[in-house]
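Spelled out, the chains give:
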Amino acid sequence: MAEVDRVIAQRLDSGVPLVGQVSQYIISAGGKRIRPALLLLMAGAIGYKGPQRHNLAAVVEFIHTATLLHDDVVDESTLRRGRPTANESFGNPASVLVGDFLYSRAFQMMVDSGEMRVMEILADATNVIAEGEVLQLMNMHDASLDEAGYLRVIRSKTAKLFEASTRLAAVIAGSTPEVEMACAEYGQALGTAFQVIDDVLDYDGDAQELGKNLGDDLREGKNTLPLIIAMQRGTAHEKDTIQRAIENGEMDGLDEIIQIVRRTGALEATRSAASAEAERAIAALIKLPKGPYQEALHELAAQLLDRRN
C-alpha cells in the first residue's frame, strides 16, 4: 500500500495547481483504500508480484475518487470522512472538473499496462458505474423502489468497481477463466455487502464514526433497503410516514423513521442480506490457493458485517 501511495502521489502531479490541490484534499482524507487493497490481496492470493499491481491499484483508487467528487456534487453533500467535502471547500465546478481529471489520468495509466483486457474491464466498469449513478438519480424520491431495483443500483454504482479490482488481479496474473470468475464474484459480492452495510449505518451509525451526517440518504431522497423492508413490515401509518419522507426529502421525522426502521426489524433483515453476500464472497475463495492472502480475504468478508464507518 505504501508503494500504491507513492504511485498516487506521483501521478497526481499536474501543472495546474488547483487540480493537485483538490485531488490531494480528497485522496488524503483518510479513506479506507479498500479497492486498491483488494487488488493487492487478490494478486497475492494468486501469486502475482509484478509492478502492474501497484499501477492498477492506483487506477481503481483514482476512479473511485472521481466518483466521490461527482457524487458529492450531485447529492449536495457537505461532509465526508468527518470533514467538509471538496465541493463545500472548493465549489462545484472545481470538484466536477478535477473528477474529470482523475478519470482521464486513470485511463492514461491503464495504457501503461499494455493489456487490452485491462482497458476493457476498466472501461466497462466506469461505464456501468455511470449508469448506476443515473439509475440512482432516476430513483430519487421514489418510494415504490423494490429490492431488485435497489440491488441493481448498488451492483452498478458500488459493487462494479470492487469486482473490477479483484478481476484485474486475475487478468494481470494470467489466471484461468475459472479463477478469474471466482475473483470477480468475490469482489462483486463483497462490494454489494459493503454498500448494504453502508445503508444500515445511515440509520444505525454514529455520525462521528461515520464521518457523515445520519439520515443523509433520506435527505437526498434515496430509498434504501432498510426503508424498503420497513415499509413492507410496518403499519399503514408507518409506511405512509416513510413514503412521505422519501418523496419530499423531509428530515423533520427522522427520529420517528429511525424508530420505525428499528422496531420493524428492518436493520436486522438488511444485515442478514449483507451477511448472505459476504457468505457468497467467502464461497468464491474456495477456487483460490490456500495461504495468508486467501485467509485475509476471508477475514475481510467476515469482518465486514461489524463495520461502523
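Heads up: the structure comes first, above all this text.
All of these numbers come straight from a predicted model, not from anything done at the bench.

Caption draft 1: Molecular detail of the overall build of the protein chain. Along the backbone of the protein chain there are 16 helices and two strands. For a compact globule of 309 residues, the expected C-alpha radius of gyration is about 19 Å, and the protein chain comes in at 19 Å, within 12% of that figure. The C-alpha extent of the protein chain, read off along each of the three principal axes, is 60 × 45 × 30 Å. A burial count over the protein chain gives 57% of its 309 residues as buried. Once local pairs closer than 6 in sequence are excluded, the contacts in the protein chain between residues at least 24 apart make up 77%. Between the mean site of the 31 positive side-chain charges and the mean site of the 45 negative ones, the protein chain shows a separation of 4 Å.

Caption draft 2: Molecular detail of the packing of aromatic side chains. Using the criterion set out here, one finds two aromatic pairs in the structure. Between Y25 and F90, the aromatic rings sit 5.4 Å apart at their centres with planes inclined by 80°, giving edge-to-face as the arrangement. Remark: F90 occurs in helix α5 (residues 86-90) and Y25 occurs in helix α2 (residues 17-27); sequence separation between them is 65 residues. Accessibility expressed as a relative area gives 18% for Y25, which makes it buried. The exposure class of F90 is partly exposed, given its relative accessible area of 26%.

Caption draft 3: Structural context of the environment of I63. Examined against the element boundaries, I63 turns out to sit in helix α4 (residues 52-75). The class for I63 is buried, based on a relative accessible area of 0%. Along the primary structure I63 and A86 are separated by 23 residues, whereas in three dimensions their C-alpha atoms are 16 Å apart. Residue contacts for I63: discarding those within four places in its chain leaves Y103, A106, M110, L122, T126, I129 and L161.

Caption draft 4: Main features of helix α6 (residues 92-112). With 21 residues, α6 extends 31 Å from end C-alpha to end C-alpha; this agrees with the ideal 30 Å at 1.5 Å per step. Buried residues of α6: A94, S95, V98, G99, F101, L102, Y103, R105, A106, M109 and M110, and no others. Buried residues in α6 make contact with α1 (2-11), α2, α4, α5 and α7 (116-139). Phi for G114, located one or two positions after α6, is positive at around 70°.

Caption draft 5: Empty space enclosed by the protein, seen in detail. In total, this model carries one cavity of 30 Å³ or more according to the counting rule given. In this structure, the largest cavity spans a volume of roughly 60 Å³. If you trace the largest cavity, you find it lined by Y25, I26, A29, D72, R80, R81, R83, P84, T85 and A86. Every element with two or more residues in the lining of the largest cavity is listed here: α2 and β2 (83-84).

Caption draft 6: Here's a closer look at the nonpolar core. With 64 residues, the main nonpolar core has I63, L122, Y186 and L288 as its most contacted residues. Looking at which element gives the most residues to this core, the answer is α4, with ten residues. Ranked by size, the runner-up nonpolar core spans 29 residues in total, among them L201, L227, M231 and I257.

Caption draft 7: Molecular detail of the layout of surface pockets. Computed from the structure, the second largest pocket encloses a volume of approximately 190 Å³. T67, H70, D71, V74, Y103, T126, I129, A130, E133, V134 and L137 are the residues that line the second largest pocket. Listing elements by their share of the lining of the second largest pocket, those giving two or more residues are α4 and α7. Among the elements that take part in the lining of the second largest pocket, α7 stands out by supplying six residues, more than any other. Looking at the lining of the second largest pocket residue by residue, the class counts come to six nonpolar, three polar and two charged.

Caption draft 8: Highlighting the side chain of T158. Take T158: it is sitting in helix α8 (residues 147-172). Overall, T158 belongs to the buried group, its relative accessible area being 8%. Setting aside residues no more than four positions away along its own chain, T158 makes contact with R35, V153, G191 and Q195.

Caption draft 9: Broad picture of the environment of L201. For L201, the position within the fold is in helix α9 (residues 177-204). What makes L201 buried here is its relative accessible area of 0%. Linking L201 and L267, residues 66 residues apart in sequence, is a C-alpha distance of 9.1 Å.

Caption draft 10: Just unusual backbone geometry, in detail. With a phi close to 55°, R33 is a non-glycine residue in the positive phi region. Structurally, R33 is set in the loop between α2 and α3 (34-45). Even without being a glycine, H141 presents a positive backbone phi close to 60°. The topology assignment puts H141 in the loop between α7 and α8.

Cut-offs used in this document
Residues numbered from 1 in each chain as written. Predicted model: local features only at pLDDT ≥ 70, side-chain atom pairs only at ≥ 80, totals over all residues. Heavy atoms only, no water. Helix = DSSP H or I, 4+ residues; strand = E, 2+ residues; numbered from the N terminus. Rg over C-alpha atoms; globule rule 2.2 N^0.38 Å. Buried < 20%, exposed > 50% of the residue type's maximum accessible area, 1.4 Å probe, protein only. Contact = heavy atoms within 4.5 Å. Lys, Arg positive; Asp, Glu negative; His and termini not counted. Charge placed at Lys NZ, Arg CZ, Asp CG, Glu CD. Phe/Tyr/Trp six-rings, centres within 6.5 Å; stacked < 30°, edge-to-face > 60°. Expected span 1.5 Å × (residues − 1). 1 Å grid on protein atoms, 1.4 Å probe; cavity = no way out; pocket = protein on both sides within 12 Å on 5 of 7 lines; lining within 4 Å. Points joined across faces, edges and corners; volume = space filled by probe spheres on them. Core = buried A, V, L, I, M, F, W, Y, C linked by side-chain atoms within 4.5 Å. Nonpolar A, V, L, I, M, F, W, Y, C, P; charged D, E, K, R; others polar.

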